[in-house]
Amino acid sequence: MATLWTGGTIYTMAKVGETVEAVLEQDGKIVATGSVKGLLPQAASIQQLHGCVMYPGFVDSHLHIIGYGEKLKHIDVSNVKSKDQLLAIIRQRMVTATPEEWIIAIGLNETQFLAPVFPTLAELDALGKAHLIIKRSCHHLILANSKALAFAGITNDTPSPEGGIIDKVNGQVTGVLKDAALYMIVNQMPHITPAYLEDALGKAVTSLQSYGLVGGHSEDLSYYGPPIQPIAAFRKIVEEQRSFKVHLLQHHAVFEEVVQLHEQSSLFVEFGAMKIFIDGAFGGRTAALRKPYCDEPDNSGMLVHSTEQLEAYMQLARKYGQTVAVHAIGDLAITTIVEVFAKYPPQEGQLDRVIHCSLVDKDILQKLAALPVAVDMQPQFVQGEYKAELARLGKQRAEGLHPLKSLLAHGLIVAGGSDAPIEEPNPLHGIYAAVTRRNFGELHDGYGSKEKISRFEAVRLYTVGAAEIIGQHHVRGKIEAGYTADFTVFEEDIFKVDIEKVPHIDVAYTVIEGQIVYAKTKKRCEE
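Residues numbered from 1 in each chain as written. Predicted model: local features only at pLDDT ≥ 70, side-chain atom pairs only at ≥ 80, totals over all residues. Heavy atoms only, no water.

Novice: Give a description of the nonpolar core that names residues and reports values.
Specialist: Grouped together as the largest cluster of nonpolar side chains are 112 residues, with contacts concentrated most on Ile133, Ile185, Ile431 and Ile494. Sorting elements by how many residues they give to this core places helix α7 (residues 194–210) first, with seven residues. With near-sequence residues (within four places) excluded, isoleucine 431 lies in contact with Phe58, Ala458, Val459, Tyr462, Ile494 and Val502. (Core = buried A, V, L, I, M, F, W, Y, C linked by side-chain atoms within 4.5 Å. Buried < 20%, exposed > 50% of the residue type's maximum accessible area, 1.4 Å probe, protein only. Helix = DSSP H or I, 4+ residues; strand = E, 2+ residues; numbered from the N terminus. Contact = heavy atoms within 4.5 Å.)

Put into structure tokens, the structure is as follows:
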């Protein structure tokens, strides 16, 4: 039975400003678009939009869905403004915890503090007897108390693992673990059970739907026990409930194990590229740079893998006909992987992807444009820590920080994501950041204003771009006949409201395969 969607503004996203009066949907597919008069005879029912505004279903092209669910389960410290406030919030939970429990806080950003310093190990130990870890907002650095360090067998004599740093001062551990070192704890925590993962995933999907998201490209398979455990959670929560469309990247450490499981992709759970971390992040000064950090002149960050290792991973992916998605933030990291991509191209019609691509120059842009590569950007990265990154990189290098306009101008396919739980997975926040390049409430011309893009280009990141980056642009990302009936319906028009109102527009409906999976209880556009 066909349903006619009409009664509001319907943007196709095929070209700037293009709208249609009605959309005919049947069995999860768009049968036709056009006028109500022309399509009504074919419809068995009508879904009125009541003046709301419909777009193709929004997709977050890079997040960690289970990790986002964990943030919803644990202590969110992303808005903490001082070390004392941080300690006070955690102390409240620690004093009632048993020694066997794990207390987890997520989202620490010390650059928001008047004095941007971490708590000492002694200060963490004084909070209570339970295991404690605090994840920095970038998720490339954690703080751990002595109980958590002991759980992982980390002592003053423990060497830093390859691709990671166990921070020490005068030979004494500080509780700070960076990049690969933090996995010595977080990948081994005993509470990671199937029930825990299903709860976190369920909370995440419910939240993501409320933001108008119909899907996301996620990387979760190497952090929660054997990969079959998170895969089973996705099958149960996402696939069985037909609630969300997940494209799963596969961390290189478990890639071949996942291949050998012979898990089949489906409409709601799809297996994608091999994921490789090339470097760290600016926050912990582990993003790999061609020249040292301005505020730490003996440090240029770090490459997680040697070129030889990267080539071996690339060959493994190609052996199975798969593409590669790389986390690359610093200019050295991007330069390094571009050279490897050029040496081992994917199959005809495939695209590798660079995730973040945070620091570029003209040479890097030209090299990227010459390859079958798409770029996965997080527009919100220009908010929050931009001033701290400016201090780390200097004014000249910061000209190439978090590019968007330059990537599009070079003809690259660009998709938009949040990297949740690092940023809020509200696509309207990303759209606002891409258009204004400033924090909410600020009135300046933007951080690196030459990289601002139009509203249409910004919405395209989460619709057409998110489909193009995984080769689904012929069936997703637009409202056209033959495309999937995934829709995001807002109460107001992103293209017409005052730009400062964009982050605050409410979602009316989230629609997946023609079915409403989220509906706001009382919609302004129905009043």
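Novice: Describe the packing of helix α2 (residues 65–73) against α7, with residues and values.
Specialist: Here α2 crosses α7 at 90 degrees, and the two axes come no closer than 7 Å. Considered as vectors, α2 and α7 are oriented roughly perpendicular to each other. Listed contacts from α7 to Ile65, Ile66, Tyr68, Gly69, Glu70, Leu72 and Lys73 of α2 are Tyr196, Leu197, Asp199, Ala200, Leu201, Lys203, Ala204, Ser207 and Leu208. Of the residues in the contact of α2 with α7, the class split is 10 nonpolar, two polar and four charged. (Axes fitted to C-alpha atoms, helices over the stretch in contact; angles between N-to-C directions. Parallel < 35°, antiparallel > 145°, perpendicular 65-115°, else oblique. Nonpolar A, V, L, I, M, F, W, Y, C, P; charged D, E, K, R; others polar.)

Novice: Break down the sheet that holds strand β12 (residues 172–179) for me, with residues and values.
Specialist: Strand order in the open sheet made by the six strands is β7-β8-β9-β10-β12-β11, with mixed pairing throughout. Each having just a single partner strand, β7 (75–76) and β11 (164–169) make up the two edges of the open sheet. Looking at chain direction, strand β8 (residues 102–108) and strand β9 (residues 131–136) are connected through six bridges and run parallel. In the strand pairing of β9, alanine 105 is matched with isoleucine 134. (Pairing = 2+ DSSP bridges.)

Novice: Describe empty space enclosed by the protein, and please don't skip the residues or the numbers.
Specialist: This structure, assessed with the given rule, holds five cavities of 30 Å³ or more. Forming the walls of the largest cavity are 27 residues, and the residues nearest its centre are His64, Lys135, His139, Tyr183 and Tyr223. For the lining of the largest cavity, the elements supplying multiple residues, two or more each, are α2, β10 (141–144), α6 (183–186) and β15 (269–277). A breakdown of the residues in the lining of the largest cavity according to their chemical character gives 13 nonpolar, eight polar and six charged. (1 Å grid on protein atoms, 1.4 Å probe; cavity = no way out; pocket = protein on both sides within 12 Å on 5 of 7 lines; lining within 4 Å. Points joined across faces, edges and corners; volume = space filled by probe spheres on them.)

Novice: Go over unusual backbone geometry with me, naming the residues and quoting the values.
Specialist: Glycine aside, the phi torsion of most residues is negative, and most peptide linkages are trans. With omega at 15 degrees, the peptide bond leading from alanine 420 into proline 421 counts as cis. We note that histidine 50 has phi near 55 degrees; this positive angle belongs to a residue other than glycine. The topology assignment puts histidine 50 in the loop between β4 (45–48) and β5 (53–56). Non-glycine residue aspartate 419 carries a positive phi angle of around 60 degrees. For aspartate 419, the position within the fold is in the loop between β19 (413–416) and α16 (427–436). Overall, aspartate 419 belongs to the buried group, its relative accessible area being 4%.

Novice: Requested: an account of the environment of isoleucine 470, with residues and values cited.
Specialist: Take isoleucine 470: it is sitting in the loop between α18 (464–468) and β20 (487–490). Judged by its relative accessible area of 16%, isoleucine 470 is buried. Every residue in contact with isoleucine 470, bar those within four places of it in the chain, is listed here: His217, His247, Glu270, Arg353 and Arg476.

Novice: Give me the sheet that holds strand β6 (residues 58–63): which residues, what numbers.
Specialist: The sheet built from eight strands is open, its strands ordered β6-β13-β14-β15-β16-β17-β18-β19 with parallel pairing. Two strands lie at the open edges of the sheet, namely β6 and β19, each paired on one side alone. Taking each pair of neighbouring strands and ignoring which way they run, the sheet shows an average axis angle of 25 degrees. Sheet topology note: the strand β17 (residues 352–356)/strand β18 (residues 373–377) ladder contains four bridges and is parallel.

Novice: An account of the pattern of salt bridges is needed here, citing residue identities and associated values.
Specialist: As enumerated under the stated definition, the model contains 28 salt bridges in all. Close ionic contact of arginine 235 with glutamate 239 constitutes a salt bridge, the shortest N to O distance being 2.9 Å. With arginine 235 and glutamate 239 both in helix α8 (residues 228–239) and four residues apart, this pair spans about one turn of that helix. The class for arginine 235 is buried, based on a relative accessible area of 15%. For arginine 290, the salt bridge is made with aspartate 361, and the minimal N-O distance between the two is 2.4 Å. One end of the pair, arginine 290, is in the loop between β15 and α10 (307–319); the other, aspartate 361, is in the loop between β17 and α12 (362–369), with 71 residues separating them in the sequence. For arginine 290, a relative accessible area of 38% corresponds to the partly exposed category. Each of the salt bridges in this network shares a partner with another, and the network as a whole consists of Lys29, Lys245, Asp486 and Glu513. (Salt bridge = Lys/Arg side-chain N within 4 Å of Asp/Glu carboxyl O.)

Novice: Requested: an account of the layout of surface pockets, with residues and values cited.
Specialist: In this structure, the largest pocket spans a volume of roughly 740 Å³. In terms of lining, the largest pocket is formed by 33 residues, of which the most central are Asn109, Ser137, Gly384, Ile422 and Glu423.

Novice: Help me get a handle on the packing of aromatic side chains, residues and values and all.
Specialist: Going through the model one piece at a time under the given rule, you end up with 15 aromatic pairs. Ring centres 4.8 Å apart and planes at 85 degrees place the aromatic pair tyrosine 11 and phenylalanine 495 in the edge-to-face group. A residue pair is termed long-range when its members are at least 10 positions apart, and tyrosine 11 in strand β1 (residues 3–11) and phenylalanine 495 in the loop between β20 and β21 (507–512) qualify at 484 residues. Residue tyrosine 11 is classed as buried on the basis of its relative accessible area, which comes to 5%. Seen in terms of ring centroids, tyrosine 183 and tyrosine 223 are 5.7 Å apart; in terms of plane orientation they differ by 25 degrees. Their pairing is stacked. Of this pair, tyrosine 183 sits in helix α6 while tyrosine 223 sits in the loop between β13 (213–218) and α8, and the two are 40 residues apart along the sequence. With a relative accessible area of 25%, tyrosine 183 lands in the partly exposed category. Look at tyrosine 223 and you get buried, because its relative accessible area is 13%. (Phe/Tyr/Trp six-rings, centres within 6.5 Å; stacked < 30°, edge-to-face > 60°.)

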